[in-house]
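Each chain, letter by letter, is given below.
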Amino acid sequence: MSQLSTPCEVEPIDLLDALSDESYTGENRCWPCTVLNLGLVGLLALFLRARERSLASLLVAVVGVAVIYLRGYLVPYTPAFAPRLVAGSPIPDEWFHRASAHRESPSEDVTHEESESLADDVELDGETVFGELSAAGVIEVEDEQLFLSEGVDTAWHERMDELAEHSLEDLSATLQSSLPQIDHAEPYVDDAEWVVLGSDPGELLARPVAVAELAAYEVLSEPLTDERLTVAGTEAFRMFLDSCPVCNSELVESSTVSCCGGHLGPRQDPDETLVCPTCEQRLYTFEGAN
Ligand SMILES: [Zn+2]
């Protein structure tokens, strides 16, 4: 009689849990991502079959479909590029959507609206903001391209690096104490990290956006004296980001047509966006770019 030992005991349920990702499955499943990935798996399986590698072909098909079922997608960063492909294809966008997109209500009992920027309530047009920022020497134009002036850019990045080290609690507290128009800010976490601005019910500001805008606000407070202009300027700064202020991932271009953005009507063109593929949050929306 030997004693039974079970060194390799696998709990199938835990394994399934570990593999599955709720952000892109179930209610949140993004159909552009799913369809695109299934198509790619099918193509690869057919290719292997044509090369008479039936076993490999079968394996690719089974594993591919299982991963897409569990995780929502197989090819890394699909949520960042699938919406662009769909936007550029003749397939109507509404085929892929029901009424709600991801994260419109991150939890069932609290419905927070997503806020694009600290400057959401400031009514200053883009032209005025850019005019004032370049008059103050914050923005420079060279070969018809806009740049942040060197000193401003350095100060902004240094402050973003500091704020990225802050816990979400500290970031919320700093935001609340720095901006006079924010009377309340608190951390909020679902499948991403947010700062809730205000209360009843409050608006969600993505953590990387909060870091970028708070740093910009502090840097702008020196050259600018107009509070409204300073707040409006924080939003403009985000278009100069090329990496995520929180995790340093290189930002990828996407569009608001699908999973990383909101839903648009069939006659509207999607806006171009800059998205952090790691934080899965939108860092900038180029509005009216089409
Ligand atoms: Zn990030």
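All values derive from a computational prediction rather than experimental measurement.

Engineer: Could you clarify how one ought to interpret the overall build of the protein chain in this entry?
Structural biologist: When you go through the protein chain residue by residue, the secondary structure sums to 9 helices and 9 strands. Summarising the internal contacts of the protein chain: among those between residues at least 6 apart in sequence, 62% fall at separations of at least 24. Surface accessibility of the protein chain: about 16700 Å² in total, with carbon and sulfur atoms responsible for 52%.

Engineer: I tried to follow the pattern of salt bridges on my own but got confused; where do I start?
Structural biologist: When their charged atoms lie close together, side chains carrying opposite charge are able to pair. The final tally for this structure, using the stated rule, is 7 salt bridges. Of the charged contacts, one joins Glu116 and Arg282 as a salt bridge, the two residues approaching to 2.9 Å between their closest N and O atoms. Taken together, the positions of Glu116 in the loop between β1 (113-114) and α5 (126-135) and Arg282 in strand β9 (residues 281-286) put the pair 166 residues apart, joining distant regions of the chain. Judged by its relative accessible area of 24%, Glu116 is partly exposed. Note on Arg282: relative accessible area 18%, which makes it buried. Where Glu235 meets Arg238, a salt bridge forms, and the shortest distance between an N and an O atom there is 4.0 Å. Residue Glu235 is classed as partly exposed on the basis of its relative accessible area of 24%. In the salt-bridge network here, residues are joined through shared partners; they are Glu114, Glu116 and Arg282.

Engineer: Even after reading the chapter, I still don't get the packing of aromatic side chains, so can you show me in this structure?
Structural biologist: Two aromatic rings are characterised by how far apart their centres lie and by the angle between their planes. Here the structure, examined in full by the defined rule, presents 2 aromatic pairs. Centroid distance Trp156 to Phe237: 5.1 Å. Interplanar angle 85 degrees. Geometry classified as edge-to-face. Of this pair, Trp156 sits in helix α6 (residues 150-165) while Phe237 sits in helix α9 (residues 227-237), placing them 81 residues apart in sequence. A relative accessible area of 0% means that Phe237 is categorised as buried. Measuring from centroid to centroid gives 4.8 Å for Tyr284 and Phe286, while their planes differ by 70 degrees, and the two rings are edge-to-face. For Phe286, a relative accessible area of 28% puts it in the partly exposed group.

Engineer: Even after reading the chapter, I still don't get unusual backbone geometry, so can you show me in this structure?
Structural biologist: A negative phi angle characterises most non-glycine residues, just as the trans form characterises most peptide bonds. The phi dihedral of Glu52 is positive, around 60 degrees, even though this residue is not glycine. Along the chain, Glu52 falls in the loop between α2 (31-50) and α3 (54-71). The backbone phi angle of Asn248 is positive, close to 70 degrees, even though this residue is not glycine. Along the chain, the position of Asn248 falls in the loop between α9 and β7 (252-255). Among the residues examined, Asn248 registers a relative accessible area of 57% and is labelled exposed.

Engineer: Help me understand the environment of Asp125, please; the structure alone is not making it clear to me.
Structural biologist: Mapped onto the elements, Asp125 comes out in the loop between β1 and α5. Of the residues examined, Asp125 reaches a relative accessible area of 43% and is grouped as partly exposed. Considering only alpha carbons, one finds Asp125 and Ala232, 107 residues apart in sequence, at a separation of 9.0 Å.

Engineer: Before we go on, may I ask you to explain the sheet that holds β1 in this structure?
Structural biologist: Paired through backbone hydrogen bonds, the strands of a sheet run either parallel or antiparallel to each other. Taken in spatial order, the 4 strands of this open sheet run β1-β6-β5-β4, and their pairing is mixed. Whereas interior strands pair on both sides, the edge strands pair on one side only; in this sheet they are β1 and β4 (185-189). Pairing of strand β5 (residues 193-197) with strand β6 (residues 203-206), which is carried by 4 bridges, proceeds in the antiparallel orientation. Counterpart to Val196 in the pairing with β6 is Leu204. This element, helix α7 (residues 168-178), spans β4 and β5 of the sheet and lies at about 150 degrees to β4. Sheet strands touched by helix α8 (residues 207-220): β5 and β6. Its angle to β6, the strand with the most contacts, is close to 80 degrees.

Engineer: Could you clarify how one ought to interpret the environment of Leu48 in this entry?
Structural biologist: Inspection of the secondary structure puts Leu48 in helix α2. Residue class for Leu48 comes out buried when judged on its relative accessible area of 11%. Note: C-alpha distance between Leu48 and Leu58 (10 residues apart in sequence) is 8.9 Å. Setting aside residues no more than four positions away along its own chain, Leu48 makes contact with Arg53, Ala56, Ser57 and Val60.

Engineer: Got a minute to help me understand the coordination of the zinc ion in this structure?
Structural biologist: Ideal geometry at a metal centre gives angles of 109.5 degrees when four donors are arranged tetrahedrally and 90 or 180 degrees when six donors are arranged octahedrally. Note on the zinc ion: its protein donors are Cys244 (SG), Cys247 (SG), Cys276 (SG) and Cys279 (SG). The metal-donor distances range over 2.2 to 2.3 Å. Its 4 donor atoms give the zinc ion angles of 101 to 114 degrees at the centre, a pattern that matches the tetrahedral case. Sequence positions of the residues that donate to the zinc ion give the spacing C-x2-C-x28-C-x2-C. In this pair, Cys247 is assigned in the loop between α9 and β7 and Cys279 in the loop between β8 (272-276) and β9, connecting sequence segments 32 residues apart. Judged by its relative accessible area of 29%, Cys247 is partly exposed. Given a relative accessible area of 18%, Cys279 falls into the buried group.

Cut-offs and rules
Throughout, a residue's number is its position along its own chain's written sequence, starting from 1. Where local features are concerned, this predicted model is filtered to residues with pLDDT of at least 70; where side-chain atom pairs are given and counted, the filter is 80 or more; whole-chain, interface and lining totals use all residues. By convention in this description, side-chain values take in all heavy atoms of the structure and omit both hydrogens and water. Labels follow the DSSP assignment, with helices taken as runs of H or I lasting at least four residues and strands as runs of E lasting at least two, numbered in each case from the N terminus. Throughout, a residue-residue contact means that at least one pair of heavy atoms, one from each residue, lies within 4.5 Å. For the area figures, the Shrake-Rupley method with a 1.4 Å probe applies, and any residue is considered shielded solely by the protein chains shown. A carboxyl oxygen of Asp or Glu within 4 Å of a side-chain nitrogen of Lys or Arg is what we treat as a salt bridge. Whether a residue is buried, partly exposed or exposed follows from its accessible area with a 1.4 Å probe, protein chains only, as a fraction of its type maximum: under 20%, in between, or over 50%, in that order. Two rings from Phe, Tyr or Trp (for Trp, the six-membered ring) form a pair when their centres sit within 6.5 Å of each other. Planes less than 30 degrees apart are called stacked, planes more than 60 degrees apart edge-to-face, and all others tilted. Strand pairing follows a simple DSSP-based rule, namely that at least 2 bridges must link the two strands. What counts as an axis is a line fitted to C-alpha atoms, over the stretch in contact for a helix, and the angles between N-to-C directions run from 0 to 180 degrees. Donor selection uses N, O and S atoms within 2.8 Å of the metal (3.2 Å for Na, K and Ca). Since no water is included, sites may look incomplete. Irregular is the label for any site that misses the other tests, which are tetrahedral for four donors with all angles between 85 and 135 degrees, and square planar for four donors or octahedral for six when opposite donors exceed 155 degrees and the remaining angles lie between 65 and 115.

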